[in-house]
Amino acid sequence: MAQLLTEERIESDLDLIRLLHSENQFQRIPIQVESDLLNKVRQGKYKDIHISKFSKMDDNLGPIALDKKTVYTYLTVTAIALFSRTAIDCGVSPDDAFDLSDTLLYALSNCDTTEEIHNIFQLSATMFAKRVFRLQNSQHSYQVEQACTYISRNIYQKISIEELAAYTELSCTYLSHLFSREMGISIHNYIQREKINVACNLLEHTKRPISEISTYLGFQTQSNFGAIFKKWQNMTPTEYRNKNYREVY
């Protein structure tokens, strides 16, 4: 049976690592590089984010794993965690940030090459920065942002205006008027559109039956789902899948 590591063993290994660093005159990546990257995420400057190739970092990365692929994976996992917390500190919904984090980590687990891992690193910085940018440049009121967040978080449920009104602490009438004025679309149609967008994603990237997708998204019947889908996409769910389906993994 394998023995659990102890604090003493870790301290001993730490001394060996420090000795190794001293012998090799090891220099870490300056902390300012990390600070500058996090500041770009914090300021929503997603267009300015360009992650250096991992090969340029090799001499500045500690011996954190036996092979480079694992080192780069650990580095990317750490970066995703930092980016998500930075975005949350800037006001991005924790649920939104953690959902994106989970998705990126899942994608990372499917990477076979260092190039793919580097791409996840770049995507994670860019996508979190974009969320901060959208938040900072939103022209919508706090209540409308709340409503949109609630819809996004509950897209697989039936959503009523009464629920949204209670969540935003506004009357149904005032929220409906405010939402339509700011978003240029009624709450009812916005919910329909967002559900159909999710349905499109599921039809494109999964083999789940259309009846199952319909049920997941809270439609009363498959025929009702089909009619609403055609309203927004000008084709049936089956036609859409036949035209757009592609396997992700």
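See the structure shown above.
Residues numbered from 1 in each chain as written. Predicted model: local features only at pLDDT ≥ 70, side-chain atom pairs only at ≥ 80, totals over all residues. Heavy atoms only, no water.

Draft legend 1. Broad picture of the overall build of the chain. From N to C terminus, the chain includes twelve helices and zero strands. Rg of the C-alpha trace for the chain: 23 Å, well past the compact-globule value of 18 Å for 249 residues, more than 25% over. Expressed as a percentage of its 249 residues, the buried residues of the chain come to 34%. Accessible surface, the chain: about 15800 Å² in total, of which carbon and sulfur atoms supply 51%. (Helix = DSSP H or I, 4+ residues; strand = E, 2+ residues; numbered from the N terminus. Rg over C-alpha atoms; globule rule 2.2 N^0.38 Å. Buried < 20%, exposed > 50% of the residue type's maximum accessible area, 1.4 Å probe, protein only. Areas by Shrake-Rupley, 256 points an atom, 1.4 Å probe, with all protein chains shown as cover.)

Draft legend 2. Representation of the nonpolar core within the structure. Judged by nonpolar contacts, the single largest core of 27 residues is most densely connected at L37, I49, I51, F83, I120, F121 and F128. Mapped by element, the contributors of at least two residues to this core are α2 (31–42), α3 (68–89), α4 (94–109) and α5 (114–136). A total of seven residues in this core trace back to one element, the largest contributor, which is α5. Residue contacts for F121: discarding those within four places in its chain leaves L37, I51, F54, L75, T76, A79 and F83. (Core = buried A, V, L, I, M, F, W, Y, C linked by side-chain atoms within 4.5 Å. Contact = heavy atoms within 4.5 Å.)

Draft legend 3. Quick look at the packing of aromatic side chains. Inspection of every chain in the model, using the stated rule, returns nine aromatic pairs. Seen in terms of ring centroids, Y46 and F133 are 5.4 Å apart; in terms of plane orientation they differ by 75°. Their pairing is edge-to-face. Here Y46 is found in the loop between α2 and α3, whereas its partner F133 is found in helix α5, with 87 residues between them in sequence. With relative accessibility at 33%, the residue F133 sits in the partly exposed group. Taking the centre distance of 5.2 Å and the plane angle of 70° together, the rings of F179 and Y190 count as edge-to-face. Separated by eleven residues along the polypeptide, F179 in helix α8 (residues 172–183) and Y190 in helix α9 (residues 187–205) bring together distant segments of the chain. The exposure classification of F179 matches that of Y190, with both residues buried. Pairwise contacts between aromatic rings join F54, Y72, F83 and F121 into one cluster. (Phe/Tyr/Trp six-rings, centres within 6.5 Å; stacked < 30°, edge-to-face > 60°.)

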